[in-house]
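Here is what each chain is made of, one letter per residue.
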Amino acid sequence: KEQESASPTSFKSHLSRTFASSHWQSVSGDLFKSEDNLQNKFTQSRFIGSFMNKYLIFESGESLFLVDQHAAQERIMFEKFQRQIDAGKVEVQPLLVPLVVKLTPTEKVIWQETQEKLHEIGIETSLFDEDTVAIQTQPLLLKNIDKIVRSLLAGHDTSRCDRSTIARRACKAS
């Protein structure tokens, strides 16, 4: 919601910072030869408009940028979340009423193995009954915490994932 009301200039500055810290693979053409070049292009670009309320259109010199707003927002949130995790200071929101999620037997086993990792990313859970967990906190940057927990426990070997992978999966589910 924060980004929906933000100005294109504000969003452009977020994109510029995001592209500066990203690890972009080289793509043919001058535009994507270096991260710095892409950041400079966005910094110097001019917002033209949007298309189908999904894409932002920017121009810079002879280049035209089409930015998927959802993908850009997801990337911005991932980068913020990753910085918080790396610093060990994930901002959390205690839930007034715990959110209960009924688990399959497989999800319960994965939950038992990954409680520490969930805690590291700001998700505090406890066993509510035999096949249900209660979620007490959620990271401020993430929405749909029940969907995120389900995604993290959906049969993937989360216990072997690094924090970056877990953060990426959490942001995609949010």
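Computed from a prediction, not measured in an experiment: that's the story for all the values here.

Once that is clear, we can look at the environment of Gly61. With respect to the element layout, Gly61 can be found in the loop between strand S2 (55–60) and strand S3 (63–68). Remark: the alpha-carbon pair of Gly61 and Lys41, spanning 20 residues in sequence, is separated by 8.5 Å.

Turning our attention to unusual backbone geometry. Leave glycine aside and you will find that most residues have negative phi; peptide bonds, for their part, are mostly trans. Positive phi outside glycine occurs at Met52, with the angle close to 55 degrees. For Met52, a relative accessible area of 64% gives the class exposed. One non-glycine residue, Asn144, adopts positive backbone phi at about 55 degrees. Its location among the elements puts Asn144 in the loop between strand S6 (132–139) and helix H6 (145–152).

Oppositely charged side chains are able to pair whenever their charged atoms sit close together. Enumeration over the complete set of coordinates arrives at 4 salt bridges. A salt bridge links Arg46 to Glu59, with the nearest nitrogen and oxygen atoms 2.3 Å apart. Residue Arg46 is located in strand S1 (residues 46–51), and its partner Glu59 is located in strand S2; the two are separated by 13 residues in the primary sequence. Judged by relative accessible area, which is 27%, Glu59 ranks as partly exposed.

Looking at chain direction, S1 and S2 are connected through 5 bridges and run antiparallel. Across the sheet, Ser50 pairs through a bridge with Leu56, a residue of S2. Following S1, the chain reverses through 3 residues before pairing antiparallel with S2; Met52 in that reversal takes a positive phi of roughly 55 degrees. Note that S2 and S3 share 6 bridges and pair antiparallel. Pairing of Phe58 across the sheet is with Phe65, part of S3. In textbook terms, the turn of a hairpin is the stretch between consecutive antiparallel strands, and for S2 and S3 this stretch comprises 2 residues, one of which, Gly61, has a positive phi near 60 degrees.

Bringing the sheet that holds strand S5 (residues 125–129) into the picture now. In space, the 3 strands of this open sheet follow the order S4-S6-S5, with antiparallel pairing throughout. Pairing within the sheet leaves two strands with one partner each, and these edge strands are strand S4 (92–102) and S5. Averaged over all pairs of adjacent strands, the angle between their axes in this sheet comes to 25 degrees, without regard to strand direction. Looking at chain direction, S4 and S6 are connected through 7 bridges and run antiparallel. The partner of Val101 across the bridge, within S6, is Val133. The strands touched by helix H5 (residues 105–120) within the sheet are S4, S5 and S6, with S5 carrying the most contacts at an inclination of about 150 degrees.

Mapping Ser45 onto the fold places it in the loop between helix H3 (35–43) and S1. In sequence terms Ser45 and Ser60 are 15 residues apart; their C-alpha atoms lie 4.4 Å from each other.

Here we take up the environment of Phe51. Secondary-structure assignment places Phe51 in strand S1. Overall, the relative accessible area of 44% leaves Phe51 in the partly exposed class. In this structure, the C-alpha to C-alpha distance between Phe51 and Val67, residues 16 residues apart in sequence, is 9.8 Å.

The subject of this paragraph is H5. The end-to-end C-alpha distance of H5 is 23 Å, a good match for the 22 Å that 16 residues give at a rise of 1.5 Å each. Considering bend angle alone, the principal kink of H5 is centred on Thr114 and spans about 65 degrees. By the burial criterion, the buried members of H5 are Glu107, Ile110, Trp111, Thr114 and Leu118. The inward-facing, buried residues of H5 contact S4, S5, S6 and H6. Positive backbone phi, approximately 90 degrees, marks Gly122, located one or two places after H5.

Analysis parameters
- Residues numbered from 1 in each chain as written.
- Predicted model: local features only at pLDDT ≥ 70, side-chain atom pairs only at ≥ 80, totals over all residues.
- Heavy atoms only, no water.
- Helix = DSSP H or I, 4+ residues; strand = E, 2+ residues; numbered from the N terminus.
- Buried < 20%, exposed > 50% of the residue type's maximum accessible area, 1.4 Å probe, protein only.
- Salt bridge = Lys/Arg side-chain N within 4 Å of Asp/Glu carboxyl O.
- Pairing = 2+ DSSP bridges.
- Axes fitted to C-alpha atoms, helices over the stretch in contact; angles between N-to-C directions.
- Contact = heavy atoms within 4.5 Å.
- Expected span 1.5 Å × (residues − 1).
- Bend = angle between axes of the 7 residues up to and from the residue.

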